[in-house]
Each structure stands twice: as structure tokens, then as C-alpha cells.
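Take a look at the letters that make up each chain.
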Amino acid sequence: MKKVIFAIFAFSLIAWDASAQRRMDASDQKSTFGIRGGANFFNWGGDDGSNNDYTNRAGFHAGVYGNMFVTDRLSIEPGVYYSQKGTEADNIAESRTILEYVDVPILLRFYATDGFNIFAGPQGSILTKAELEGDAFGTTFGFERDDINDLDAGLVFGVGYNLPVGINVQGSYDLGLTPVFKDSDAEVYNRGFKVSLGYSF
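Residues numbered from 1 in each chain as written. Predicted model: local features only at pLDDT ≥ 70, side-chain atom pairs only at ≥ 80, totals over all residues. Heavy atoms only, no water.

(A) Up close: the overall build of the protein. Helix and strand content of the protein: one helix and 10 strands. Listed by position from the N terminus, the elements making up the protein come as α-β-β-β-β-β-β-β-β-β-β. Taking all 201 residues of the protein together, 43% fall into the buried category. Within the protein, residue pairs in contact and separated by at least 24 positions form 62% of the contacts whose partners lie at least 6 positions apart. Of the roughly 10,900 Å² that the protein leaves accessible, carbon and sulfur atoms contribute 62%. (Helix = DSSP H or I, 4+ residues; strand = E, 2+ residues; numbered from the N terminus. Buried < 20%, exposed > 50% of the residue type's maximum accessible area, 1.4 Å probe, protein only. Contact = heavy atoms within 4.5 Å. Areas by Shrake-Rupley, 256 points an atom, 1.4 Å probe, with all protein chains shown as cover.)

Following this line, the structure appears as C-alpha cells:
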């Protein structure tokens with residue numbers, strides 16, 4: 001966990017320094033560094049995940065990004081985010097799987113206007129916590145899961161809008177492509193929506 005925190009801190013410093021250097025270049029003033037966070041609504045998808053009584057689990061995400069323009073309308077945006085995923089099951093114990101990741105997306109953004117944009121790109125995720133919780137007989141129980149893959153890979157798609165004051169809003173969908181479970185043929189993947197609010201410095 002300490003290595004993950006150090007990696008996020010190091011990325012933040014590098015992105016901040018890169019942004020500062022770009023702001024000094026009059027020909028590239030649009031490139032920015034920012035912070036972003038918001039709500040997650042995740043579930044397990046796939047052929048085997050969709051056939052069970054799983055429901056969306058709410059969580060949140062927060063992190064940093066660097067948005068670097070390569071043309072007037074096209075930018076590359078790497079980022080690092082802490083993100084809560086997982087699912088809930090409609091069963092007797094009202095169980096829920098809590099998965100926490102560090103997401104590292106690399107997005108390609110196309111700006112149809114100065115504000116409206118669409119984006120897509122790959123995302124790698126590192127698992128930092130996997131826990132099963134449930135409620136039974138008035139008591140909440142929980143224990144760690146060791147059957148979850150440590151790494152996840154997928155794609156991100158979404159739309160966003162940039163306001164003139166540096167604030168941006170966006171909605172996105174995470175399409176997990178790596179099976180959730182280790183040593184299993186079950187086709188179960190992390191799938192979910194994110195609603196985000198960000199600020200570019």
C-alpha cells in the first residue's frame with residue numbers, strides 16, 4: 001500500500017511540473033493538470049456475472065490527471081485514481097463484495113467544441129483491497145477475499161464538458177476485460193458507471 005501511495009504522489013509531482021512547464025509555453029497554454037472525483041456505480045458483468053442476483057454497489061473515486069493537447073481538438077489525458085468497485089447480492093445475508101483499486105487510465109479526448117468532448121482509452125487497475133461483507137441476525141460480518149485478481153485491465157468511454165472557470169464534469173463507463181476471479185473460468189468482470197467533477201489548474 002505504501003508503494004501505491006508513493007506512486008500516486010510521484011505521478012502528481014511529475015504531472016504538476018509538466019503542466020507548469022507547458023503553461024510557460026505560450027503556444028501550449030491549454031494543457032493542464034487537475035484533480036477529479038465523484039460517484040461510482042459498479043456491478044459484475046459478463047456471461048456468468050449477469051446470470052446472478054448482483055446489483056449495483058455505490059462508491060466513489062478521486063485522483064489526479066494531466067491533460068496534454070496534441071492538436072487544437074485532441075488531447076491525451078493520463079490519470080491516477082483511487083476507485084471503489086464491487087457488487088451487492090440480493091440474498092439472505094445481503095452480502096456485498098468491496099473492491100478497492102488504483103486506476104491508471106490513458107484517455108484520448110476529442111473536443112467537438114471548446115467545452116463538449118468525448119473520450120476513450122485503456123485503463124489498468126491495481127487491487128488494494130478485497131473484502132466480503134454481509135448482514136445477518138442484526139450483525140455485520142466481514143473478511144478478506146483472496147480469490148480476486150490483483151490486476152485488472154479494461155476500457156473507458158465517456159463524455160465531458162469543460163466550463164470556462166476550470167471546472168469540468170463528465171460521465172463515463174468502465175468496461176472491465178480481465179476476469180475478477182483468480183484461477184477460474186467464470187466470465188465475471190468489473191463493469192460500472194462514474195459521474196465526475198474536476199478542476200483544472
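(B) Examining the packing of aromatic side chains more closely. All chains considered together, the criterion is met by seven aromatic pairs. Look at Phe33 and Phe201: their rings are 6.1 Å apart centre to centre, the planes differ by 25 degrees, and that puts the pair in the stacked class. Of this pair, Phe33 sits in strand β1 (residues 32-45) while Phe201 is found in the segment after β10 (189-200), placing the two residues 168 residues apart along the sequence. Overall, the relative accessible area of 44% leaves Phe201 in the partly exposed class. (Phe/Tyr/Trp six-rings, centres within 6.5 Å; stacked < 30°, edge-to-face > 60°.)

(C) A look at the environment of Phe119. With respect to the secondary-structure elements, Phe119 resides in strand β6 (residues 116-136). When the C-alpha positions of Phe119 and Phe157 are compared, they lie 5.8 Å apart, and in sequence the two are 38 residues distant. If sequence neighbours within four positions are ignored, Phe119 has contacts with Leu107, Leu108, Arg109, Val156, Phe157, Gly158, Val159, Gly160, Gln170, Gly171 and Ser172.

(D) Region of the structure containing the side chain of Glu131. Looking at the secondary structure, you find Glu131 in strand β6. Leave out the neighbours within four places in its chain, and Glu131 touches Arg96, Thr97, Ile98, Phe143, Glu144 and Arg145.

(E) Fine view of the side chain of Ser125. When you line up the elements, Ser125 lands in strand β6. A relative accessible area of 4% places Ser125 in the buried class. Reaching out from Ser125, the side chain makes a polar contact with the side chain of Asp103 at a distance of 2.5 Å. Apart from the residues within four sequence positions on either side, Ser125 is in contact with Lys85, Tyr101, Val102, Asp103, Asp150, Leu151 and Asp152. (Polar contact = N/O pair within 3.5 Å; in protein donor to acceptor, adjacent residues only side chain to side chain.)

(F) Main features of the pairing of strand β7 (residues 139-144). As paired elements, β6 and β7 share six bridges and run antiparallel to each other. Opposite Asp135, over in β7, you have Thr140 as the bridge partner. Connecting β6 to the antiparallel partner β7 that follows it, the hairpin turn spans two residues, and Phe137 within it adopts a positive phi of roughly 55 degrees. (Pairing = 2+ DSSP bridges.)

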